[in-house]
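# Notes for the structure review
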Amino acid sequence: MNEQGCLRLESLIREHAVRLGAPDLGDRSVESDERSEEGVRRRLPPRDRLLRRLDALERHVLLLHRGVYDQAMSKIRGMLELGARDSEGPALNVPSTAIAVLPSATAEGTIEFDLARLPDLSEPLRRIQVLRALIQEDDDAFPG
């Protein structure tokens, strides 16, 4: 992938960030590196910016992915069951789900949602990872 391809993909991620409900994916702070010795932020090359945006997109998708919830609940259940076997106390009530309670962004009060109802986003995650790997392997398009 050449520099123009990277710029186009980066632009697409920024354009769709608001539709995804993740305006931070379009944040321009990802375009520069940490402070240099001179105290000036340096704008990263298009390939590096694109890779950073893909990382941010992956983190966002993981927040909404049912698989992350399933893994977390499995660990919680395992730890509770292990603790119950090791103790002589009463049997523990192992949770069957988790409810998120968040402040409402549009009104007073809170909103609640069952994390067990999150969608399976395995395929979008796989595609992001494949694209990242292809970009990282494409050294010929980015000499020196």
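Now for a quick tour of the structure. (Residues numbered from 1 in each chain as written. Predicted model: local features only at pLDDT ≥ 70, side-chain atom pairs only at ≥ 80, totals over all residues. Heavy atoms only, no water.)

### Re helix α4 (residues 122–137)
Along an α-helix, residues three or four positions apart point the same way, because every turn accommodates 3.6 residues. In plain terms, the rule: Helix numbering and strand numbering both begin at the N terminus, where a helix is a DSSP run of H or I of at least 4 residues and a strand a DSSP run of E of at least 2. Residue count minus one, scaled by 1.5 Å, sets the expected span of a helix. Three exposure classes are used, based on accessible area relative to the maximum for each residue type with a 1.4 Å probe and protein chains only: buried under 20%, partly exposed in between, and exposed over 50%. In this description, the arc belongs to the directions extending from the helix axis to the C-beta atoms. Any two residues whose heavy atoms approach within 4.5 Å are treated as being in contact.
With 16 residues, α4 extends 22 Å from end C-alpha to end C-alpha; this agrees with the ideal 22 Å at 1.5 Å per step. Inspection of α4 places Leu-125, Ile-128, Arg-132 and Ile-135 among the buried residues, and these make up the whole buried set. An end-on view of α4 places all buried positions within 95° of arc, on one side of the element. Residues of α4 that are exposed and point over 90 degrees away from its buried face: Arg-127, Leu-134 and Glu-137. Check the buried side of α4 and you find it contacts α2 (46–63).

### What about the nonpolar core?
Defined as follows: The criterion is simple. A nonpolar core is a set of buried Ala, Val, Leu, Ile, Met, Phe, Trp, Tyr and Cys residues joined through side-chain atoms within 4.5 Å.
Counting 15 residues, the largest nonpolar core has Leu-25, Leu-50, Leu-54, Leu-57, Val-61, Ile-128 and Ile-135 as the members making the most contacts within it. Going through the elements one at a time, α1 (3–17), α2 and α4 are the ones with two or more residues in this core. If one sorts the elements of this core by residue count, α2 sits on top with six residues.

### Re the pattern of salt bridges
Applied cut-off: Note on definitions: salt bridges are taken to be side-chain nitrogens of Lys or Arg within 4 Å of carboxyl oxygens of Asp or Glu.
For the structure on display, the rule yields nine salt bridges. One salt bridge connects Asp-55 with Arg-132, and the closest N-O pair in it is separated by 2.8 Å. Separated by 77 residues along the polypeptide, Asp-55 in helix α2 and Arg-132 in helix α4 bring together distant segments of the chain. Across the pair Asp-70 and Arg-66 runs a salt bridge whose closest N-O atoms are separated by 2.7 Å. With Asp-70 and Arg-66 both in helix α3 (residues 66–86) and four residues apart, the pair spans about one turn of that helix. The class for Arg-66 is partly exposed, based on a relative accessible area of 27%.

### So, the pairing of strand β1 (residues 99–103)
Quick reminder of the rule: For two strands to count as paired, DSSP must find a minimum of two bridges between them.
With five bridges joining them, β1 and strand β2 (residues 110–114) adopt antiparallel strand pairing. By the bridge assignment for β2, Pro-103 is matched with Thr-110. With antiparallel pairing between neighbouring strands as the criterion, β1 and β2 make up a hairpin whose turn holds six residues, including Gly-109 at a positive phi of roughly 100°.

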